[in-house]
Amino acid sequence: MTLLVSTLKRFGDAVKVRIGETTTTRYIALAETTDGRLGLFHHHMLPGAAGAAPHYHTRISESFYVISGEVTVHDGTGWHKAHAGDFLHVPENAVHGFRNDSDAPAEMLIIFTPAENREAYFTGLAELLADGNTPSRAEMVALMEKYDQFEIDEP
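Residues numbered from 1 in each chain as written. Predicted model: local features only at pLDDT ≥ 70, side-chain atom pairs only at ≥ 80, totals over all residues. Heavy atoms only, no water.

Draft legend 1. Spatial organisation of the nonpolar core. Counting 30 residues, the largest nonpolar core has Val71, Phe98, Ile110 and Phe122 as its most contacted members. Where this core is concerned, the elements lending two or more residues are β1 (15–19), β3 (39–45), β5 (61–68), β6 (70–74), β8 (87–90), β10 (106–113), α1 (118–129) and α2 (137–146). At five residues, the largest contribution of residues to this core is made by α1. Sequence-distant contacts of Phe122, defined by excluding residues within four places in its chain, comprise Val17, Ile19, Thr25, Tyr27, Phe41, His43, Ile110 and Phe112. (Core = buried A, V, L, I, M, F, W, Y, C linked by side-chain atoms within 4.5 Å. Buried < 20%, exposed > 50% of the residue type's maximum accessible area, 1.4 Å probe, protein only. Helix = DSSP H or I, 4+ residues; strand = E, 2+ residues; numbered from the N terminus. Contact = heavy atoms within 4.5 Å.)

If you want it as C-alpha cells, here you go:
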C-alpha cells in the first residue's frame, strides 16, 4: 500500500475574494486539493449582507456551520435565525439560502460535496460585483446556471 501526503492549508494563505461591499470569502479547501470531493469556504458577512436568495443545486449538497454572529438561513420552509454552533445541511435539490439580517458581523463555514469547482462561482460573483457594479439579471442567471445554482421565487 502506498500512503498519500496530507495537505495543510493555513488560513492566512487561503485565496480570498471580496463579494460586493459586505462579504469576504476564503477558499480553505479547493476542489483541486480534495480531488473534487469537498469544498470548504470561510464566509464573513458584514451587518446587512444580502447573502444568497433561496435556490437549489442539482449535483451538490451544501452545509453551513455558523462560527460567530447570527445568520438568517432558509431551510426550504422559511427563514430562521442560526447562531454560533448551529448547522444546516442541504441535500441536492433542496431549497436553501442565507443572509445576515443582524447588526453585527457573522462568520460561517460553507461545505460543498462534491466540490464542483464552487470557487469559480464565487470568483465570478466577486468579479460581477467588483467596483460597485450592479450586474444585470441575465448576467447573474448565466453565472448561477453555469455552476448548478437555480433560484426560486419565495412563496
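Draft legend 2. How the structure looks around the packing of α1 against α2. The interhelical angle for the contact between α1 and α2, taken along N-to-C directions, is 165°, at an axis separation of 10 Å. As judged from the angle between their axes, α1 and α2 are roughly antiparallel. The chirality of how α1 crosses α2 is right-handed. Of α2, the residues touching α1 (which contributes Tyr121, Gly124, Leu125 and Leu128) are Glu139, Met140, Leu143 and Met144. (Axes fitted to C-alpha atoms, helices over the stretch in contact; angles between N-to-C directions. Parallel < 35°, antiparallel > 145°, perpendicular 65-115°, else oblique. Left-handed = near helix turned anticlockwise from the far one by under 90°.)

Draft legend 3. Quick look at the layout of surface pockets. Looking at the largest pocket, its volume works out to about 370 Å³. Taken together, 24 residues make up the lining of the largest pocket; nearest its centre are Ile19, Ala50, Gly51, Ala52 and Leu125. Put simply, the parts of the chain that give the lining of the largest pocket at least two residues each are β4 (52–56), α1 and α2. The element contributing the most residues to the lining of the largest pocket is α1, with five residues. Residue classes in the lining of the largest pocket are distributed as 13 nonpolar, seven polar and four charged. (1 Å grid on protein atoms, 1.4 Å probe; cavity = no way out; pocket = protein on both sides within 12 Å on 5 of 7 lines; lining within 4 Å. Points joined across faces, edges and corners; volume = space filled by probe spheres on them. Nonpolar A, V, L, I, M, F, W, Y, C, P; charged D, E, K, R; others polar.)

Draft legend 4. Fine view of the sheet that holds β8. As summarised here, the arrangement of the six strands in space is β1-β2-β3-β10-β5-β8, forming an open sheet in which the pairing is antiparallel. Across the chains shown, the open sheet's two edge strands, defined by having one partner strand only, are β1 and β8. The sheet shows a mean angle of 20° between the axes of neighbouring strands, taken without regard to direction. With six bridges connecting them, strand β2 (residues 23–29) and β3 associate as antiparallel partners. Bridging across to β3, Tyr27 finds its partner in Phe41. The strands touched by α1 within the sheet are β1, β2, β3 and β10, with β1 carrying the most contacts at an inclination of about 45°. (Pairing = 2+ DSSP bridges.)

Any link to function would need more than the numbers given here.
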